[in-house]
Amino acid sequence: MKEVEPAGTVGFTVNGAPAEVTVAAHDRLVDVLRGPLGLTGAAIGCDTAVCGACTVLLDGCAVKSCTVLAVQAADTDVVTVEGLATPDSLHALQAAFLRHGAVQCGYCTAGMLVAAVDLVARYGAPLDEAIIRDGICGNLCRCTGYRSIVSAIAEAAAEMAADDGAAR
């Protein structure tokens, strides 16, 4: 079998830090994140952008990293679930997921959290159930039935809006 030629070096920012990796033209962003960069939060689930387990923020927008080529991420800002918390505290959404028991097997959790970050950034608060369910419809969970996830997102959105208001 013929070996694939590398496409070259791709540079982007990942979770606030610069990163450069050598990639082949066909390398997916999820594989580069999980492989050379060691960020395993974005899970590989379906490989067809159906499950949402691989969701990351690309320049602030939620994308399924299994359908983004690494070369397409050149000169962008990528945020994975590992980039949501600080060393001192969880992101408001992560804390709300814990409080509401919105984490069971955990396979969908990273993608669900990242999708929720995008949802809250786009709509703010308050978020009603219909908007939340529509916003996470590309992220499948087989364990929770979504009620706890929806409650956690609604609560965190309200907390985040209150914190933003207090900061102004």
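No experiment lies behind these values; they were computed from the predicted model shown. (Residues numbered from 1 in each chain as written. Predicted model: local features only at pLDDT ≥ 70, side-chain atom pairs only at ≥ 80, totals over all residues. Heavy atoms only, no water.)

Focus on the packing of helix 2 (residues 92-100) against helix 3 (residues 109-123)
For step 1, the next point in the chain: Put simply, helix 2 and helix 3 touch, their axes get as near as 10 Å, and they point 125° apart. Comparing their axes, helix 3 and helix 2 come out oblique. Taken as a pair, helix 2 and helix 3 cross one another with a handedness that is right-handed. Between helix 2, through L93, Q94 and F97, and helix 3, the contact on the second element is made entirely by T109, M112, L113, A116 and V117.
For step 2, the next point in the chain: Grouping the amino acids of the contact of helix 2 with helix 3 by side-chain chemistry returns six nonpolar, two polar and no charged. (Axes fitted to C-alpha atoms, helices over the stretch in contact; angles between N-to-C directions. Helix = DSSP H or I, 4+ residues; strand = E, 2+ residues; numbered from the N terminus. Parallel < 35°, antiparallel > 145°, perpendicular 65-115°, else oblique. Left-handed = near helix turned anticlockwise from the far one by under 90°. Contact = heavy atoms within 4.5 Å. Nonpolar A, V, L, I, M, F, W, Y, C, P; charged D, E, K, R; others polar.)

Topic: the domain arrangement of the protein chain
For step 1, the next point in the chain: Considered domain by domain, the protein chain is made up of domain 1 (6-83) and domain 2 (92-167).
For step 2, the next point in the chain: Between the C-alpha centres of domain 1 and domain 2 there is a distance of 22 Å.
For step 3, the next point in the chain: Roughly 1000 Å² is buried in total at the junction of domain 1 and domain 2, and carbon and sulfur atoms are behind 61% of that figure.
For step 4, the next point in the chain: Where domain 1 touches domain 2, the interface holds zero salt bridges.
For step 5, the next point in the chain: Remark: the boundary between domain 1 and domain 2 carries six residue pairs in polar contact (both at pLDDT 80 or more).
For step 6, the next point in the chain: Every element with two or more residues in the side of domain 1 that touches domain 2 is listed here: strand 3 (55-58) and strand 4 (61-64).
For step 7, the next point in the chain: Each residue belonging to the side of domain 1 that touches domain 2 can be placed in one class, and the counts come to 10 nonpolar, six polar and one charged. (Domains from an automatic or database assignment. Buried area = accessible area lost by both parts, 1.4 Å probe. Salt bridge = Lys/Arg side-chain N within 4 Å of Asp/Glu carboxyl O. Polar contact = N/O pair within 3.5 Å; in protein donor to acceptor, adjacent residues only side chain to side chain.)

Considerations on the nonpolar core
For step 1, the next point in the chain: Ranked by size, the top nonpolar core spans 28 residues in total, and within it F97, M112, I136, I149 and I153 carry the most contacts.
For step 2, the next point in the chain: Elements supplying a minimum of two residues to this core: helix 2, helix 3 and helix 5 (147-167).
For step 3, the next point in the chain: It is helix 3 that contributes the most residues to this core, eight residues altogether.
For step 4, the next point in the chain: If you count residues domain by domain, this core takes at least three from each of domain 1 (6-83) and domain 2 (92-167).
For step 5, the next point in the chain: Those residues within four positions of I153 in sequence are excluded, and the remaining contacts are L93, F97, A116, L119, V120, L127, I132 and I136.
For step 6, the next point in the chain: Ranked by size, the runner-up nonpolar core spans 21 residues in total, among them V14, L29, C66 and A70. (Core = buried A, V, L, I, M, F, W, Y, C linked by side-chain atoms within 4.5 Å. Buried < 20%, exposed > 50% of the residue type's maximum accessible area, 1.4 Å probe, protein only.)

Let's talk about a nonpolar patch on the surface
For step 1, the next point in the chain: Together, L90, L98 and V103 make up a nonpolar patch on the protein surface, roughly 270 Å² of accessible area in all.
For step 2, the next point in the chain: Mapping L90 onto the fold places it in the loop between strand 5 (77-79) and helix 2. (Patch = residues over 30% accessible without salt bridge, like charges linked within 9 Å, V, L, I, M, F, W, Y side chains within 5 Å. Areas by Shrake-Rupley, 256 points an atom, 1.4 Å probe, with all protein chains shown as cover.)

Details of the pattern of salt bridges
For step 1, the next point in the chain: Within the structure shown, the criterion is met by six salt bridges.
For step 2, the next point in the chain: For the salt bridge of D31 with R28, the shortest nitrogen-to-oxygen distance reads 2.7 Å.
For step 3, the next point in the chain: Between R133 and E129 there is a salt bridge, with the nearest N and O atoms lying 2.7 Å from each other. Here R133 and its partner E129 are both found in helix 4 (residues 129-135), four residues apart, which amounts to about one turn of the helix.
For step 4, the next point in the chain: R133 sits in the partly exposed class, given a relative accessible area of 31%.

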